[in-house]
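Listed here are the chains, written in short residue letters.
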Amino acid sequence: MIVFREIILLLFALSALLIAVQCKKELSLSERVQQLSDAGTKKPVLRFNGDKFRQYVKGTPRNYSTIVMFTALAPSRQCGICRHAHDEFQLVANSWRYSQGYSNRLFFALVDFDEGPDVFQALRLNSAPVFMHFPAKGKPKKVDTLDIQRVGFAAENIARWVAERTDIQIRVFRPPNYSGLLALIVLLALVVGLLYLRKNNLDFLYNKTIWALGALAFTFAMTSGQMWNHIRGPPFLQKTQQGNIAYIHGSSQAQFIVETYIVALLNAAVVLGMILMTEAASKRDDVRKRRIYAIIGLGLVAFFFSLSLSIFRSKAHGYPYR
């Protein structure tokens with residue numbers, strides 16, 4: 001009986017010790033803000049595991065908002081868009097860190113799946129990347145998750161979403177990119193050099209085939225949605241909830257970058273088929289060759305136009321025609 005009483009007292013003592021240690025771990029609001037501010041001066045994007053996430057993001061009380069990116073950056077995860085999304089997120093955090101309005105009202109953080117799988121499980125996240133806003137008061141709502149399917153994850157779009165959720169305006173400062181200017185200079189130099197070498201024979205400038213190919217390339221780029229990609233900054237592709245890779249977006253209001261390339265190739269194949277049928281009808285040479293051109297052209301048009309229509313039907317739900 002005495003031994004049993006001593007065991008009970010020992011268990012109570014251990015419980016009290018664990019409670020004391022737990023209470024000691026809990027930081028006050030001022031301590032959490034100070035630690036976040038000190039860490040934010042070194043790294044604009046704070047890296048959290050499960051414990052730090054619960055302590056700094058979910059801990060109460062809070063007088064600051066936190067924008068958290070949930071991602072999977074390990075190469076073994078094969079998340080093709082996570083690295084690009086991380087670069088854009090880092091750009092927003094850097095712009096906020098070095099802006100004149102910087103304060104401890106807003107912090108940016110990152111939780112990697114391999115470092116905080118319990119956080120993903122608690123939030124029921126089964127895909128990456130995901131951007132969530134954790135407000136100073138209350139729990140996140142549906143609008144506190146960035147809809148990257150609709151707006152993409154370009155830095156400017158993330159900053160606009162942050163302003164909508166926190167009333168904090170962040171002006172994104174992108175580092176100067178001279179690659180486009182350099183490519184333009186090289187292209188102009190090549191054109192000028194070609195014209196100089198061919199200054200005595202400029203008949204190629206009147207070549208209809210060259211101008212036609214250039215016009216077709218421009219048309220394919222515009223009709224496939226390249227300008228939309230430039231404005232919205234969508235992901236290159238995306239993983240589905242089943243772990244597969246989606247090349248075609250399921251909504252008519254959005255698209256992937258790789259999807260535009262697919263559409264451009266389909267349009268090019270249809271145009272090639274039309275050209276072959278036109279050549280077969282206009283030429284006056286071997287009948288057998290003309291027949292082969294016509295059959296190949298008809299096959300290209302029928303197959304690739306049907307494939308384009310199938311893609312359109314998968315995006316425009318309810319489209320009645322096949």
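Residues numbered from 1 in each chain as written. Predicted model: local features only at pLDDT ≥ 70, side-chain atom pairs only at ≥ 80, totals over all residues. Heavy atoms only, no water.

### Structural notes on the overall build of the chain
- Secondary structure summary: the chain contains 12 helices and six strands in total.
- Counting every position in the chain, which comprises 322 residues, the buried fraction comes to 33%.
- Considering only contacts within the chain whose residues lie at least 6 apart along the sequence, 65% involve residues at least 24 apart.
- For the chain, the exposed surface amounts to about 21200 Å²; the carbon and sulfur share of it is 62%. (Helix = DSSP H or I, 4+ residues; strand = E, 2+ residues; numbered from the N terminus. Buried < 20%, exposed > 50% of the residue type's maximum accessible area, 1.4 Å probe, protein only. Contact = heavy atoms within 4.5 Å. Areas by Shrake-Rupley, 256 points an atom, 1.4 Å probe, with all protein chains shown as cover.)

### Things to note about the layout of surface pockets
- If you add up the space inside the largest pocket, you get close to 530 Å³.
- For the lining of the largest pocket, the elements supplying multiple residues, two or more each, are β4 (130-134), α6 (148-151) and β5 (238-239).
- Per-element tally for the lining of the largest pocket: the top contributor is β4, with three residues.
- For the lining of the largest pocket, the residue count by class is 10 nonpolar, seven polar and four charged.
- Taken as a whole, the second largest pocket spans an internal volume of roughly 310 Å³.
- Lining the second largest pocket we find 13 residues, and of these Val263, Ser308, Ile311, Phe312 and Lys315 sit closest to its centre.
- In terms of residue count, the dominant contributor to the lining of the second largest pocket is helix α12 (residues 287-315) (five residues).
- In terms of residue class, the lining of the second largest pocket is made up of five nonpolar, six polar and two charged. (1 Å grid on protein atoms, 1.4 Å probe; cavity = no way out; pocket = protein on both sides within 12 Å on 5 of 7 lines; lining within 4 Å. Points joined across faces, edges and corners; volume = space filled by probe spheres on them. Nonpolar A, V, L, I, M, F, W, Y, C, P; charged D, E, K, R; others polar.)

### With respect to the sheet that holds strand β3 (residues 106-112)
- One open sheet accounts for four strands, arranged β1-β3-β2-β4; its pairing is mixed. One side of each edge strand has no neighbouring strand; the edge strands of this open sheet are β1 (45-48) and β4. Averaged over all adjacent pairs, the angle separating strand axes in this sheet is 30°, with direction ignored.
- As judged from the seven bridges shared by strand β2 (residues 65-71) and β3, these two strands associate in the parallel manner. Following the sheet pairing, Phe70 is matched in β3 by Val111.
- Lying over the sheet, helix α4 (residues 82-97) contacts β1, β2, β3 and β4, oriented at roughly 160° with respect to β3.
- With respect to the sheet, helix α7 (residues 155-166) is in contact with β2, β3 and β4, its orientation differing from that of β4 by roughly 25°. (Pairing = 2+ DSSP bridges. Axes fitted to C-alpha atoms, helices over the stretch in contact; angles between N-to-C directions.)

### Remarks on the UniProt feature "transmembrane region" (unreviewed entry) in the chain
- According to UniProt, the "transmembrane region" (unreviewed entry) feature falls on residues 178-197, 209-228, 261-280 and 292-312.
- As a span, residues 209-228 carries 90% helix and 0% strand, and end to end its C-alpha atoms are 29 Å apart.
- Secondary structure within residues 261-280 divides into 100% helix and 0% strand; the distance between the first and last C-alpha atoms comes to 29 Å. (UniProt positions renumbered as here; feature names shortened; annotations may be inferred.)

### Some words on the packing of α4 against α7
- At a minimum axis distance of 8 Å, the contact between α4 and α7 shows a crossing angle of 55°. When the axes of α4 and α7 are compared, the pair comes out oblique. For the pair α4 and α7, the sense of crossing is right-handed. Along its contact with α4, which presents Glu88, Phe89, Leu91 and Val92, the element α7 presents Ala155, Ile158 and Ala159. (Parallel < 35°, antiparallel > 145°, perpendicular 65-115°, else oblique. Left-handed = near helix turned anticlockwise from the far one by under 90°.)

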